[in-house]
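Topology and contacts: notes
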Amino acid sequence: MSSRIFWLGMHKILRTTELVQLRLMGYEVFGPDYISTVYDQSADLSSQSGQESSLPEDVFRKLISFNFFYNEITEEISEILNFYFDAVIVTINPDWLLAVLEAYEGPVLYRTYGQPYSLSEHFNARGAWETMTTRENLHVIPFAAETIEHEQEWFRQLCTEPVPYQIPDDVFEFAKGRRQNAPRRSEIVVSIPNIENPYYSAAYEKFSSRFSEGYFRILGPQRRIPADPRILGEMSRADLLDRMSRASAYFYIYNDPVCYLPPIETMQLGRPVVFGPGSLLARFSNERNPGYARTDEQASALLNRLLKRDSGLAREIVAAQEPVRVRYDRAHVRPIFERVFRRLLANPARPPACEKHGNTIKVSGSDGPGDEVVVVPLHIDGLFHYVDGRPTALEGIPRVVDALVDTVISKSSAHVVVSCTHDSKPVIFDFFRAHISAGRVTIFAFNQQRDEAEAAFEKLRFVEYVSMISQNVKAYIVPHYYLFPEALLNDVPITLYLPDYFPYLMPDEVFDTSSEKDALNKQVGSELGRRATRVLTNSQFTKEYLPQTGLVPEEQGDKIVVAPLPFLGAKRASSLADYERIRLEKAVGGRPFLFYPTANRPNKKLTFFLRLLAFKRLENPELCAVLTCSLDSVPEVRTTAEDYNLTDALVMLPGSNESTMRWLYENTAALCLTSIAEGNFPPQVLEALNYGAPVVATRLPTISEVARSEVGKLLLCNPLDMGDFAEKLAFAMANRDKIIARQNELLKSMHRWNSAEAFATAVARSLPHVQFGASQ
Amino acid sequence: MKTVAKADDSSDALGRDNPSTGLTVRELEVRALVIQAYNAVLRRWPDPVGMRYYTDRLQSGAMSEIDVFTGLLRSEEAKLIVPAQTHGGDRPADRMAVLAGVFRAATNGELTRHYVDGIGRPHIDGLVSSALKTDFARSVLLFCSNKESTEGRVSR
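Note that the structure is a prediction, hence the values are computed from the model and not measured.

Helix and strand content of chain A: 32 helices and 27 strands. Against the globule reference of 28 Å for 776 residues, chain A gives a C-alpha radius of gyration of 31 Å, in line with a compact fold. Taking the principal axes of the C-alpha coordinates as reference, chain A spans close to 90 × 65 × 45 Å. Relative to its full complement of 776 residues, chain A shows a buried share of 45%.

Moving on: the overall build of chain B. Helix and strand content of chain B: eight helices and two strands. From first element to last, N terminus to C terminus, chain B shows the α and β order β-β-α-α-α-α-α-α-α-α. Here chain B holds 156 residues, and the buried ones make up 29% of them.

So, about the domain arrangement of chain A. Here the domain parsing of chain A yields domain 1 (4-157), domain 2 (169-328), domain 3 (355-562) and domain 4 (573-754). Relative to domain 3 of chain A, the C-alpha centre of domain 2 of chain A lies at a distance of 55 Å.

Residue and element names in this part refer to chain A. Here six strands make up an open sheet; going across it, the order is β24-β23-β22-β25-β26-β27 and the pairing parallel. Sheet topology places β24 (650-652) and β27 (715-717) at the edges, where each strand pairs with a single neighbour. For this sheet, the mean inter-axis angle between neighbouring strands, taken without regard to orientation, is 25°. Across four bridges, the pairing between strand β22 (residues 593-596) and strand β23 (residues 624-627) is parallel.

Our next topic: the pairing of strand β1 (residues 4-8) of chain A. Residues and elements named next belong to chain A. With respect to burial, β1 is a largely interior element, four of its five residues being buried. Two elements, β1 and strand β2 (residues 28-30), share three bridges in a ladder whose sense is parallel. Paired with Arg-4 across the bridge in β2 is Glu-28. With helix α1 (residues 18-24) bridging β1 and the parallel β2, this β-α-β connection has right-handed handedness. Pairing of β1 with strand β3 (residues 87-91) involves four bridges; the strand directions are parallel. Following the sheet pairing, Phe-6 is matched in β3 by Val-88.

Here the focus is the sheet that holds strand β6 (residues 188-191) of chain A. Residue and element names in this part refer to chain A. Taken together, five strands build an open sheet; the order of strands is β8-β7-β6-β9-β10 and the sheet is parallel. Each edge of the open sheet is held by one strand with a lone partner, namely β8 (231-233) and β10 (273-275). Here the strands of the sheet are splayed against their neighbours by 30° on average, with no regard to which way each runs. As defined by bridge partners, β6 adjoins strand β9 (residues 249-252) across two bridges and the pair is classed as parallel. Considered in β9, the bridge of Val-189 is made with Tyr-250. Here helix α13 (residues 296-307) sits on the sheet and contacts β6, β9 and β10; the angle it forms with β9, its principal contact strand, is near 165°.

Attention now moves to the packing of helix α27 (residues 658-667) of chain A against helix α28 (residues 683-691) of chain A. Residue and element names in this part refer to chain A. Two numbers describe how α27 lies on α28: the axes approach to 9 Å, and their chain directions differ by 70°. Between α27 and α28, the angle falls in the class roughly perpendicular. Contacts from Arg-662, Tyr-665 and Glu-666 of α27 reach α28 at Glu-687, Ala-688 and Tyr-691.

Looking now at the environment of Asp423(A). Relative to the assigned elements, Asp423(A) resides in the loop between β16 (415-420) and α18 (425-431). Residues Asp423(A) and Gln449(A), 26 residues apart in the sequence, show an inter-C-alpha distance of 10.0 Å.

Our next topic: the packing of helix α24 (residues 578-588) of chain A against α27(A). All names here are of chain A. Two numbers describe how α24 lies on α27: the axes approach to 11 Å, and their chain directions differ by 50°. When the axis of α24 is compared with that of α27, the two are oblique. Considering the relative orientation of α24 and α27, their crossing is right-handed. Taking contact as the criterion, the partners of Glu-580, Arg-581 and Leu-584 in α24 are, on α27, Ser-659, Thr-660 and Trp-663. Of the residues contributing to the contact of α24 with α27, the split by class is two nonpolar, two polar and two charged.

This part is about the nonpolar core. Membership of the largest hydrophobic core comes to 228 residues, with the highest contact counts inside it found for Val88(A), Val374(A), Leu671(A), Val695(A) and Val696(A). In this structure, Val88(A) is in contact with Phe6(A), Leu8(A), Leu81(A), Val100(A), Tyr104(A), Gly106(A) and Val108(A), ignoring residues within four places of it in sequence. Judged by nonpolar contacts, the second largest core, of 15 residues, contains Val30(B), Tyr38(B), Val41(B) and Val68(B).

In this structure, Arg309(A) is a non-glycine residue whose phi angle is positive, near 65°. You can call Arg309(A) exposed: it has 12 C-beta atoms within 10 Å.

Residues and elements named next belong to chain A. Burial of the side chains of strand β25 (residues 670-673) extends over both faces: Ala-670 and Cys-672 are buried on one face and Leu-671 and Leu-673 on the other. Pairing analysis gives two bridges linking β22 to β25, with the strands arranged parallel. When the sheet's bridge partners are listed, Leu-594 is paired in β25 with Ala-670. Pairing of β25 with strand β26 (residues 695-698) involves three bridges; the strand directions are parallel. Following the sheet pairing, Cys-672 is matched in β26 by Val-696. Handedness of the crossover joining β25 and β26 through α28 is recorded here as right-handed.

Let us now look at the environment of Arg662(A). Mapped onto the elements, Arg662(A) comes out in helix α27. For the pair Arg662(A) and Gly692(A), spaced 30 residues apart in sequence, the C-alpha separation works out to 9.7 Å.

This part is about the environment of Val524(A). Within the secondary structure layout, Val524(A) lies in helix α22 (residues 515-531). Val524(A) gets classed as buried once you count the C-beta atoms within 10 Å, which come to 24. Along the sequence, Val524(A) and Tyr481(A) sit 43 residues apart, while their C-alpha atoms lie 7.0 Å from each other. Apart from the residues lying within four places of it in its own chain, the contact partners of Val524(A) are Tyr481(A), Tyr482(A), Pro485(A), Ala137(B) and Leu141(B).

With that settled, consider the confidence of the model for chain B. All names here are of chain B. Averaged over chain B, the pLDDT score is 57; the fraction of residues at 70 or greater is 39%. Counting interchain partners and residues more than four positions distant, the pLDDT-below-50 stretch residues 104-134 has 55 contacts. We note a pTM of 0.79 for the whole complex and an ipTM of 0.73 for its interfaces.

Cut-offs used in this document
Residues numbered from 1 in each chain as written. Chains lettered and ligands numbered in written order. Predicted model: local features only at pLDDT ≥ 70, side-chain atom pairs only at ≥ 80, totals over all residues. Helix = DSSP H or I, 4+ residues; strand = E, 2+ residues; numbered from the N terminus. Rg over C-alpha atoms; globule rule 2.2 N^0.38 Å. Buried ≥ 20, exposed ≤ 12 C-beta atoms within 10 Å, placed from the backbone. Domains from an automatic or database assignment. Pairing = 2+ DSSP bridges. Axes fitted to C-alpha atoms, helices over the stretch in contact; angles between N-to-C directions. Right-handed = clockwise from strand over helix to strand, strands pointing away. Contact = placed C-beta atoms within 7 Å. Parallel < 35°, antiparallel > 145°, perpendicular 65-115°, else oblique. Left-handed = near helix turned anticlockwise from the far one by under 90°. Nonpolar A, V, L, I, M, F, W, Y, C, P; charged D, E, K, R; others polar. Core = buried A, V, L, I, M, F, W, Y, C linked by C-beta atoms within 7 Å. pLDDT = per-residue confidence, 0-100.

Laid out in structure tokens, this is it:
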């Protein structure tokens with residue numbers, strides 16, 4: 001007997017296409033009535049009580065009278081679903097999916113059609129990450145690869161190959177039967193249904209403020225029609241198709257990465273479609289498509305030509321949109337739909353992405369922590385985040401942690417346990433995905449915390465966990481000198497990562513919220529420094545002054561290990577996607593720019609950087625700067641930007657991913673590093689050398705220490721010397737090629753001094769109880 | 001597992017009503033932990049039902065020591081004792097007092113050993129009153145210094 005499927009959907013087109021096709025494929029499919037009070041212009045409100053079903057009559061009656069939409073599923077209905085159905089297909093709405101996952105234990109197929117927001121972010125906000133990643137037999141079936149490009153990795157891993165969706169059959173019938181010489185209307189059609197809905201209301205207001213011409217006709221059903229004669233409101237399908245087929249053009253007004261069917265239906269009817277940047281149509285084609293309008297003015301110009309019967313342009317657009325039309329053509333869609341759904345329904349088995357036991361999360365089937373464990377606490381929010389769905393480490397310590405974990409995994413057989421906060425579970429999971437999948441990394445995830453006391457409890461829970469495995473913990477890498485005081489509660493070998501201690505170098509500055517907090521931080525750091533088996537730092541310069549700071553006892557200076565940082569960005573940097581490049585080019589606006597990717601800290605001297613920028617702009621008003629921090633963490637930086645009227649000259653790109661960083665280095669006029677104190681050779685300089693950006697930087701001891709006799713190959717300046725910086729920036733901008741050639745000579749030596757191998761050797765020395773050289 | 005005779009001065013909750021019953025060290029530790037948790041959170045001795053509930057779960061591994069504290073802290077009774085957030089921020093401070101106990105439970109059951117060994121309460125009062133005025137990092141530092149001084153005394 002065929003499988004019995006519960007199909008949770010109500011869309012009037014899907015009920016005539018995908019629901020029908022599933023039944024034609026031989027499945028018994030039950031579709032519930034849409035009896036929710038939530039108005040939806042796309043809902044088919046007709047009764048489904050006449051559908052064929054082998055369900056017992058009382059069960060059928062219960063299901064058909066139950067509201068499955070925007071509603072919890074009761075225990076009784078849940079039992080029915082589990083007993084009578086072999087699979088559930090959920091369409092469109094993520095919240096309907098969550099209700100089903102709660103109630104139904106069997107295979108679930110979630111069919112998505114593109115929506116104006118990120119599904120993975122939505123699921124994370126609902127706390128559903130764990131439900132979905134630990135769930136067996138869950139499949140997401142997107143309709144186009146382009147609609148999941150921005151989704152987070154864990155969600156994309158749940159996705160099958162895309163299955164396009166088709167425009168309804170009546171469009172094909174209409175296209176076949178219409179009169180080819182039907183007179184054209186001098187009008188442009190757009191679709192804005194249900195203007196009461198906030199999304200469409202915003203779309204309507206935006207459209208009306210930019211396009212007030214009377215030749216537009218606004219299609220789509222409305223509950224209450226605003227006073228705008230251009231709105232046609234609800235009409236029969238035949239009238240709608242006639243209107244579209246006789247319009248001079250269809251204007252697709254939306255810029256978000258989804259696409260509704262009306263423009264595709266128009267394409268099937270042979271009429272030209274004009275669309276703007278960012279839309280899915282734009283991503284399906286490209287900027288050279290004749291229907292693409294980069295600006296509102298370009299759109300108006302194109303539409304006016306089409307209104308004036310520019311048949312050459314119309315033909316050109318129709319020819320260019322053919323590949324897009326084909327994507328939705330039933331002849332193309334149906335075989336793919338049938339193949340994928342048949343395969344998934346016949347064999348829905350799929351292991352969950354991970355398993356959770358207590359607080360620990362690991363890949364299904366892996367052994368988890370074994371005899372040799374390295375613990376790395378990362379339970380602070382904000383260390384890692386998503387940029388366009390890609391997990392990204394914040395500059396500074398998290399990037400070094402990435403390199404440390406890589407080293408431990410590749411050079412030893414130790415298992416790594418990383419902790420994370422409740423909210424950062426998805427991003428930590430995605431960030432360490434490769435190692436987790438290989439069974440080498442386990443996550444200890446904190447529960448949600450409502451106040452400080454609960455936060456402390458969670459930390460203690462982690463202490464308890466480490467206590468439990470303490471016999472096997474060969475190293476506890478504390479990546480920050482005061483953020484993880486709970487490390488002191490475990491009796492395991494600690495390696496403290498201490499790249500610098502600026503309060504010693506700049507005693508008059510406050511680094512935390514107050515000098516009292518700075519003092520407490522130092523107490524924690526001192527206790528960790530005293531207890532640590534090894535202290536890991538990145539420069540000889542820092543090693544020499546640390547014993548004088550009080551953080552490492554003077555008599556224990558020999559336990560400080562120097563591991564020069566290798567080039568950190570390479571592993572995660574790739575070429576930018578087109579949409580990312582366009583977005584960056586737009587942000588910079590074709591202007592030359594100085595670049596300084598750094599957090600805003602007192603030692604970075606961003607006030608000086610801004611004054612320098614203002615000074616340089618006197619001779620070059622086009623010059624701007626790209627920063628990756630917030631201007632507000634050092635108060636005078638914001639006021640300096642305002643005092644010097646630099647607001648329009650600053651492009652702020654906080655949280656940029658490695659690919660964006662690479663593009664910025666490759667395109668900057670110069671890296672302009674104004675810091676007066678660094679704990680190690682600044683990674684920005686190493687990245688600039690690798691990516692070919694001219695470097696103008698303060699003459700720091702940590703640069704001289706590494707560049708040694710070749711230090712003269714860099715343009716180094718006296719600290720905070722405006723004249724020196726201005727002159728060297730001018731030289732760098734005028735002699736870019738020459739500067740880069742000179743820097744390349746230094747880079748060759750840097751490859752030796754700051755190699756990944758040298759780093760790994762030093763890391764091994766900093767973890768004396770871990771057996772290195774036994775990699776698996 | 002080593003079995004010890006039940007101490008004569010044990011309370012009811014420690015099983016005094018049945019002097020012939022021998023308790024293992026682990027059982028004693030578990031009971032002492034529950035007593036300590038009740039006293040820290042609810043400021044009273046455990047009732048027999050509560051004692052059974054938590055000892056069963058601790059012994060079966062269904063609950064950790066911290067779960068006992070957390071469970072009690074979230075009980076209706078605790079809400080009556082621990083002032084609401086609106087009362088001048090006392091609630092986090094009171095919870096810090098409980099935390100001081102949890103530090104001990106979480107770090108090798110040190111406090112439970114105090115009970116079992118009859119050492120008493122050598123420095124817990126000072127720790128609690130300091131914890132009331134301090135934050136997590138300070139509590140940890142305080143715990144570390146107390147732990148060190150206690151260890152020093154024991155070794156001497």
